Amino acid sequence: MELNDANLQSLTEFLRKTLDPDPTVRRPAEKFLESVEGNLNYPLLLLTMLEKSQDTVIRVCAAVTFKNYIKRNWRIVEDEPNKVSDQDRTAIKANIVNLMLSSPEQIQKQLSDAISIIGREDFPQKWPDLLTEMVTRFRSGDFHIINGVLRTAHSLFKRYRHEFKSNELWSEIKLVLDTFALPLTELFKATIELCQTHAADVNALKVLFSSLTLISKLFYSLNFQDLPEFFEDNMETWMTNFHGLLTLDNKLLQTNDEEEAGLLELLKSQICDNAALYAQKYDEEFQPYLPRFVTAIWNLLVSTGQEVKYDLLVSNAIQFLASVCERPHYKHLFEDQNTLTSICEKVIVPNMEFRSADEEAFEDNSEEYIRRDLEGSDIDTRRRAACDLVRGLCKFFEGPVTAIFSGYVSSMLGEYAKNPGENWKHKDAAIYLVTSLASKAQTQKHGITQANELVNLNEFFVNHILSDLKSPNVNEFPVLKADAIKYVMIFRSQLPKEQLLQAVPLLISHLQAESTVEHTYSAHALERLFTMRGPNNTTLITPAEMAPFTEQLLNNLFKALALPGSAENEYIMKAIMRSFSLLQESIVPYIPTLIGQLTHKLLLVSKNPSKPHFNHYLFESLCLSVRITCKANPTTVSSFEEALFPVITEILQNDVQEFLPYVFQVMSLLLEIHSNSIPSSYMALFPHLLQPVLWERTGNIPPLVRLLQAYLEKGGASIAGSAADKIPGLLGVFQKLIASKANDHQGFYLLNSIIEHMPPESIIQYRKQIFILLFQRLQSSKTTKFIKSFLVFINLYCVKYGAIALQEIFDSIQPKMFGMVLEKIIIPEVQKVSGPVEKKICAVGITKVLTECPSMMDTEYTKLWTPLLQALIGLFELPEDDSIPDDEHFVDIEDAPGYQTAFSQLAFAGKKEHDPIGDSVGNPKILLAQSLYKLSTACPGRVPSMLSTSLNAEALQFLQGYLQAATVQLV
Amino acid sequence: MAENAGLENHRIKSFKNKGRDVETMRRHRNEVTVELRKSKRDEHLLKKRNVPQEESLEDSDVDSDFKGQNVTLDAILQNATSDNAVIQLSAVQAARKLLSSDRNPPIDDLIKSGILPILVKCLERDDNPSLQFEAAWALTNIASGTSAQTQAVVKSNAVPLFLRLLHSPHQNVCEQAVWALGNIIGRWCFFRSAVCVCVCVCVYIILTSACPGDGPQCRDYVISLGVVKPLLSFINPSIPITFLRNVTWVIVNLCRNKDPPPPMETVQEILPALCVLIYHTDINILVDTVWALSYLTDGGNEQIQMVIDSGVVPFLVPLLSHQEVKVQTAALRAVGNIVTGTDEQTQVVLNCDVLSHFPNLLTHPKEKINKEAVWFLSNITAGNQQQVQAVIDAGLIPMIIHQLAKGDFGTQKEAAWAISNLTISGRKDQVEFLVEQNVIPPFCNLLSVKDSQVVQVVLDGLKNILIMAGDEASTIAEIIEECGGLEKIENLQQHENEDIYKLAFEIIDQYFSGDDIDEDPSLIPDTTQGGTFNFDPASNMQTKEFNF
């Protein structure tokens, strides 16, 4: 590509087209640009355009395209071709800094990003003069240029804040410090002086303050890994100036905007961060400065207003104090009673107040409010910072702080009592203060687990919380109601049970509140109360205690789902699930009505599944309805099928992918309730379940395998009879699964069910092929997981079809195959089999091979007889061998390939563990003893002689124990 | 049972974390050799020994005419080559006095004047020991200047002559030669350790091209000329204490610098001397001796082994409780270096009851000592399970945890390593012990520090504790949540460092997703043809025999 006007012109046109809203115009243009980007000069054409084009839109577009091009292509990946010619690389590096600095801000930002991407690869080795080139610009005096340099430096250096230390990184930092630290310091001093000379010029100040902010950010990056010698030597300069800036105010820089932080706030926030960095990491060197910063930051807090724009600054500043006050050697800075009082009064209390912004969120953005207030994503909020400061202070001053705040709490409650309508916010702050003062440790599961003993939680509940909960008008003072509900919720483990029981009906009535936050909190509080454990591992609140409220609870929960904004409220749905689970059979009378509502909801959300948690709990609730009802009366399963099948069919037909794994689990649950027959409605679906497209999605595999297993268990014979033509498809699924290292155990689950439940004659023609397939996989890529499943399968086969059948089918595939499998797989690996059912299957199978297989006695396999017996005794007696060969460590293995798997598994659709051998064998050790006895009577003398010649002594001793227990004696 | 041991090994390996496996758990004090910090440590060793003016040894001989006069460089230069022994001596002495002035001795001016060859020549004057002494003194002071100034002395070929003077019958001459050699050997070390790598490389190039002899360094150049034997021969009961101090100081400089370490034979020669000097009652000599050992033990496992084989360890360990902090500091560094070696080498130190000294070191008023003590222990907890048990049995775990909670940042960092290492190498019951000692809250507290490596080390440790807990993992998870650790881990999922956010995500995903299943099944649509899968193993049936 020549660097000429024609090419510039044509590229300009293509760039313009990439901005077209019409995809038929835009896409081909994007494709074209990608197709030519490998050409020589392409990046230079872009740079020329962004510099010289007459059209600002094209200039910006060229800048963005250039940056993306650099992002995609600059890195040289080993073994891949170099995507940018060396000639272009050199030209870009020679020009880009100048170009960046002379461009308008919008383009400057793009180029600055591009420089930092290039710098990440090339700096410092392949771009040695970058820094010096940048540093010389500090002397230009032009702050547009200087800010460009600072911004670029910031994007180059900010990775020092999070990368691990290494020689390479530190060498780079060292180099940067050598070139950059002194000029930066000079610039810092000069800029501060300029701020004084231009103190009346608002435009100049704005530029200068953005420089100062960038300089402070660079300071943070350069000081992050360790305290550099240069900055230690110049600490006085930096800290004195930082301190000065913290205390500085300039009317001209104050903004009217309430939301957006202004330049002063941004700068001061960064300085707080810098001070916190030094306080944390370089305490020894920073100690002389720290008290001054504590005072400055505290004064800053006292004088800063309530507007949202100060939030970041205030929370950073409070966090700084919080981190300092819990350090033993700074304790003295806080311990004076007046200091403590003043911090409590002027810093903590004001920042705990409920502000109008909070009120807006409470009303109009309840989801956000709940997330912040309930789920703890309030990290950067003032309330949270104030709360952390309370906890920090309590480490050393729990008594005095509690005493000071008790005074405040009573006076705020007093204010409230005087005029609730006017002063309700005082009570809100009082509750918040009590909460942060009292809670020392908290978990989702239990709420507050350790409380400040100086706070009487129960008394506060009785005197101040209960009254709000009892107030007949649930819609009055919704914030206070929400506070009260939250109080019950988080202190549930601290309050006596009778108080909780008193609260339950009150919470139920608050489910009807119009306020989303309020009824959501009620649902959540109930859900949490229902999961509390009482004595003997039962629930704390019993179904009997809930009996008087059951109807109203269910009614209100479902009615709450109809309130505006709560149609897919996950807290309510979870509370429904938990109520079902708690109440068990007492919900049966309500189910006929409720199931209709649940299926209706399912139908609605399946149109556009958007709330994964809501949907999950909805399916759990459905499963609970089925289980609880059918446990009492299995025949009701058909009424559930009647209600659910239309929705299920629709979901299957519309291929609602998010819901399919759930639907398969629900169907499994329903089908498993049937006793040994399979309704025709299910049979009609059977062919669809074998469709490859379903099996390509990993999330479908576990529930689909389970569903097919249910089909086989209930209808093995029906499939063999009426759907024999589907057997190859079924085995095809098995083949597909067995091919994958991640899913092979699922393939074995399916195969085991086929062996166990299909009539033998229906699969006889496929048996050899099945084994060949398994041997192929064993040969090509065996893993420990595969071998474990394989061992269970062949032993199950042996149990089902007999040892002779097993030996014959092996040897028909290849002569001596049976011996090879015994010697190379079964004997050395059986120790690895895990799970009681799996071990039992193997024990019974091996016992049969030992005692019911003539070729073990009279052929060359005989030499394997004792080792096999020894391995079986080992399986009984030795601890499980859970070693995995090294290279398998990183194979993607699902944890325990038992009969359970992790995916969006429904807890309440759980499957019972299945034991194909069942009670027919009580104790496999006894079975071994009896079988050996039988064998010995068939050929007297041989068994004892085999045992005495080669079985090791320890194993023999165990075996004698089994024989004794079975009261048999070998002959 | 051998099989069981194999299993144990396997288990440890399978717990290994990205970026940290058993092999790299043992950490040298400075894994990163580049320093950003001011180098303040060991300054006493780097300090050039410039012989002070007040020295009055032979002042009485000095021509009183010369004394107090304002001498010009030219005059000195001229007189220093005089045939008149008295004038010559006075001139050299004048030069020496100029160089001994407290502030800004005119070293460069003297070098430029061309005095070096003249002074060097004087070293040959066995007939005039006073002249040798004065010249050696002057050269010592020049060599104590900047690196270029030291280089100038070396280039003037003074080193072989200084070595010759070690055999002088006059003790003051010998002593002065030792002094000069110490400055030359030490100079190089100073640059190697205090200047950044890149600068260092430049210096290195300049010096190699400038340095006579085959060796890449002055130290090795001096060694190659045979400094060690005569130097060590001074160590005998009759040597004056001040002289022995200087000899010991030169030995330290010989042992410094591990890049490369001194030649094996030299180390072998020096070690017996150190084994003798370690009994010395003079604090300066003792401190230097122990520092020398600490340098030797910082040069890799082979050198550690040589130090162990010298039999010095049993005498080194008790110095951890010496009443002088300087001795303690050096001894702690030396034993600390040894335990960066293999498990067996570590065991040698443990066998000397080293851990009994640690309660005092961990509660020492000096934070630096606390820090190095915890660093030492972090390398023991990186060892085998008996070694981990030794730390537990010595009652040190609560003290490590105390440092983890309350120490200064550097000490907290080391404590985090110590704990994290224990979770990798310890047995289940040993890790449980940690938990019982309430390690989790202070450990979690470090998740919010501004140091990515510490954060990673803590996350690793927490993950290991959770894995180790097996069925009890939920109890651990609860403790982590209660102390605010969960919230910190959640925030780390937004960390910019990829390793950290992945680790945080993994922990949350495995241990804190509880009954709220957050994951949606990953549903990847695919356009295969309808119908069913074909069950047909025959199509890709292999013809070869099966063989497992």
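Here the structure is a predicted model, which means the values were calculated and not measured.

1. Quick notes on the overall build of chain A
Regarding its fold elements, chain A presents 48 helices and 2 strands. By its C-alpha atoms, chain A is 115 × 80 × 65 Å across when sized along the principal axes. Across the 971 residues in chain A, those meeting the buried criterion constitute 56%. Intrachain contacts of chain A at a sequence separation of at least 6 include 74% that bridge at least 24 residues. Of the roughly 39,700 Å² of accessible surface on chain A, a fraction of 51% belongs to carbon and sulfur atoms. A distance of 3 Å separates the average location of the 89 positive side-chain charges in chain A from that of its 116 negative side-chain charges.

2. A closer look at the overall build of chain B
In terms of helices and strands, chain B carries 32 helices and 0 strands. The long-range fraction of contacts in chain B, counting pairs at least 24 apart against all pairs at least 6 apart in sequence, stands at 72%. About 23,600 Å² of surface is accessible on chain B, with carbon and sulfur atoms providing 51% of the total.

3. A closer look at the packing of helix α5 (residues 86–102) of chain A against helix α6 (residues 105–122) of chain A
Residue and element names in this part refer to chain A. Relative to each other, α5 and α6 sit at 145 degrees, their axes nearing to 9 Å. The way α5 lies across α6 gives a crossing that is left-handed. In this structure, α5 contributes I92, K93, I96, V97, L99, M100 and L101 to the contact, and α6 contributes Q108, L111, S112, A114, I115, I118 and D122. The class makeup of the residues in the contact of α5 with α6 is 10 nonpolar, 2 polar and 2 charged.

4. Describing the pattern of salt bridges
Under the defined criterion, the tally for this structure stands at 59 salt bridges over all chains. Across the pair B:K368 and A:E284 runs a salt bridge whose closest N-O atoms are separated by 3.1 Å. Of this pair, B:K368 sits in helix α23 (residues 367–380) while A:E284 sits in helix α14 (residues 283–286), placing the two residues on different chains. Among the charged side chains, a network of salt bridges with common partners joins A:R120, A:R159, A:E163 and A:E172.

5. Here we look at the nonpolar core
If you look at the biggest cluster of nonpolar residues, it comprises 354 residues, and the most contacted ones within it are A:F180, A:F320, A:Y711, A:F775 and A:W865. Per-element accounting of this core gives the leading share, 16 residues, to helix α20 (residues 382–418) of chain A. Excluding residues that lie within four positions of it along the chain, A:W865 makes contacts with A:L850, A:M856, A:M857, A:L932, A:L935, A:V943, A:M946 and A:L947. One finds B:L77, B:M306, B:L319 and B:I400 within the second-largest nonpolar core, a separate group that totals 163 residues.

6. Regarding the UniProt feature "domain: Importin N-terminal" (unreviewed entry) in chain A
With numbering aligned to this structure, UniProt lists the feature "domain: Importin N-terminal" (unreviewed entry) at residues 29–102 of chain A. Spanning residues 29–102 of chain A, this segment combines 73% helix with 0% strand, and its end C-alpha atoms are found 29 Å apart.

7. As for helix α36 (residues 727–738) of chain A
All names here are of chain A. The first and last C-alpha atoms of α36 sit 16 Å apart over 12 residues, in line with the 16 Å expected at 1.5 Å per residue. Burial of α36 is extensive: 10 of the 12 residues sit out of reach of the surface. Those residues of α36 that sit buried are I727, G729, L730, L731, G732, V733, F734, Q735, L737 and I738.

8. Side note on the confidence of the model for chain B
Residue and element names in this part refer to chain B. The predicted model of chain B averages 79 in pLDDT, with 77% of residues at 70 or higher. Taken together, the stretch residues 188–216 has pLDDT below 50 and engages in 31 contacts with residues farther than four places along the chain or on a different chain. Counting interchain partners and residues more than four positions distant, the pLDDT-below-50 stretch residues 538–543 has 5 contacts. Interface scoring of the predicted complex returns ipTM 0.72; its pTM is 0.74.

9. Some points on a negative patch on the surface
A cluster of acidic residues, A:D257, A:E258, A:E259, A:E260, A:E360, A:E363 and A:D364, forms a negative patch on the protein surface. Inspection of the secondary structure assignment puts A:D257 in the loop between α12 (235–247) and α13 (263–281).

10. As for the UniProt feature "repeat: ARM" (unreviewed entry) in chain B
All names here are of chain B. The UniProt record annotates "repeat: ARM" (unreviewed entry) at residues 114–158, 157–184 and 311–349. Annotation note: span residues 157–184, helix share 75%, strand share 0%, distance between end C-alpha atoms 12 Å. Secondary structure content for residues 311–349 is 64% helix and 0% strand, and the end C-alpha separation is 11 Å.

11. Regarding the packing of aromatic side chains
All names here are of chain A. On inspection of all chains with the given rule, the structure shows 49 aromatic pairs over all chains. An angle of 65 degrees between the planes, with centres 5.4 Å apart, marks the rings of F771 and F810 as edge-to-face. Taken as a pair, F771 in helix α39 (residues 767–780) and F810 in helix α41 (residues 803–813) lie far apart in primary sequence, 39 residues in all. The class of F810 is buried, set by a relative accessible area of 0%.

12. Re unusual backbone geometry
Note on backbone geometry: most residues besides glycine have negative phi, and most peptide bonds are trans. All names here are of chain A. Looking along the chain, the bond that leaves F123 and enters P124 is cis, with omega of 0 degrees. Relative to the helices and strands, P124 resides in the loop between α6 and α7 (130–137). The backbone of N41 sits at a positive phi, close to 75 degrees, despite the residue not being glycine. Judged by relative accessible area, N41 falls into the buried class, the value being 12%.

13. Considering the pairing of strand β2 (residues 447–451) of chain A
Put simply, side chains in a regular strand alternate between the two faces of the sheet. Residue and element names in this part refer to chain A. In the sheet, strand β1 (residues 439–443) pairs with β2 via 4 bridges, with the strands oriented antiparallel. When the sheet's bridge partners are listed, T443 is paired in β2 with G447. A loop of 3 residues connects β1 with β2, the two strands running antiparallel in sequence.

14. Quick word on helix α9 (residues 147–155) of chain B
All names here are of chain B. Most of α9 is tucked away, with 7 of its 9 residues classed as buried. Among the residues of α9, S147, Q149, T150, Q151, A152, V153 and V154 are the ones counted as buried. Count one or two residues on from α9 and you reach N157, which has phi positive near 65 degrees.

15. Let's talk about the environment of A:L507
Residues and elements named next belong to chain A. Summarising the element assignment, L507 is placed in helix α24 (residues 497–510). In this structure L507 comes out as buried when scored by relative accessible area, which is 0%. Once the C-alpha coordinates of L507 and T599 are considered, the two residues, 92 residues apart in sequence, prove to be 26 Å apart. If we skip the residues at most four places from it in the chain, L507 touches I485, V488, S522, A525, L526 and L529.

16. A word on the state of the cysteines
Residues and elements named next belong to chain A. On inspection of all chains with the given rule, the structure shows 0 disulfides over all chains. For the unlinked cysteine C195, the closest cysteine sulfur is that of C272, found at 18 Å. Left without a disulfide partner, C325 is nearest to the cysteine sulfur of C394, which lies 9.3 Å away. Among the residues examined, C325 registers a relative accessible area of 0% and is labelled buried.

17. Considering the environment of A:Y571
Residues and elements named next belong to chain A. Structurally, the position occupied by Y571 is in helix α28 (residues 570–583). Here Y571 falls in the buried class, since its relative accessible area comes to 12%. The spatial distance from the C-alpha of Y571 to the C-alpha of L526 is 9.8 Å, given a sequence separation of 45 residues. Ignoring anything within four residues of it in the chain, the contact list for Y571 reads I370, L374, E375, T520, A523 and H524.

18. Topic: the environment of A:S753
Residue and element names in this part refer to chain A. You can see S753 is positioned in helix α37 (residues 744–757). The exposure class of S753 is buried, given its relative accessible area of 6%. Along the sequence, S753 and V705 sit 48 residues apart, while their C-alpha atoms lie 10.0 Å from each other. Looking at S753, its side chain comes within polar contact range of the side chain of Q709, at 3.2 Å.

19. Some remarks on the side chain of A:T304
Residue and element names in this part refer to chain A. Its place among the elements puts T304 in the loop between α15 (290–303) and α16 (311–325). A polar contact is formed between the side chain of T304 and the backbone oxygen of L300, at a distance of 2.5 Å. Leaving out residues up to four positions away in the same chain, T304 has contacts with Y310 and V314.

What counts, and at which threshold
Residues numbered from 1 in each chain as written. Chains lettered and ligands numbered in written order. Predicted model: local features only at pLDDT ≥ 70, side-chain atom pairs only at ≥ 80, totals over all residues. Heavy atoms only, no water. Helix = DSSP H or I, 4+ residues; strand = E, 2+ residues; numbered from the N terminus. Buried < 20%, exposed > 50% of the residue type's maximum accessible area, 1.4 Å probe, protein only. Contact = heavy atoms within 4.5 Å. Areas by Shrake-Rupley, 256 points an atom, 1.4 Å probe, with all protein chains shown as cover. Lys, Arg positive; Asp, Glu negative; His and termini not counted. Charge placed at Lys NZ, Arg CZ, Asp CG, Glu CD. Axes fitted to C-alpha atoms, helices over the stretch in contact; angles between N-to-C directions. Left-handed = near helix turned anticlockwise from the far one by under 90°. Nonpolar A, V, L, I, M, F, W, Y, C, P; charged D, E, K, R; others polar. Salt bridge = Lys/Arg side-chain N within 4 Å of Asp/Glu carboxyl O. Core = buried A, V, L, I, M, F, W, Y, C linked by side-chain atoms within 4.5 Å. UniProt positions renumbered as here; feature names shortened; annotations may be inferred. Expected span 1.5 Å × (residues − 1). pLDDT = per-residue confidence, 0-100. Patch = residues over 30% accessible without salt bridge, like charges linked within 9 Å, V, L, I, M, F, W, Y side chains within 5 Å. Phe/Tyr/Trp six-rings, centres within 6.5 Å; stacked < 30°, edge-to-face > 60°. Pairing = 2+ DSSP bridges. Disulfide = S-S within 2.5 Å. Polar contact = N/O pair within 3.5 Å; in protein donor to acceptor, adjacent residues only side chain to side chain.

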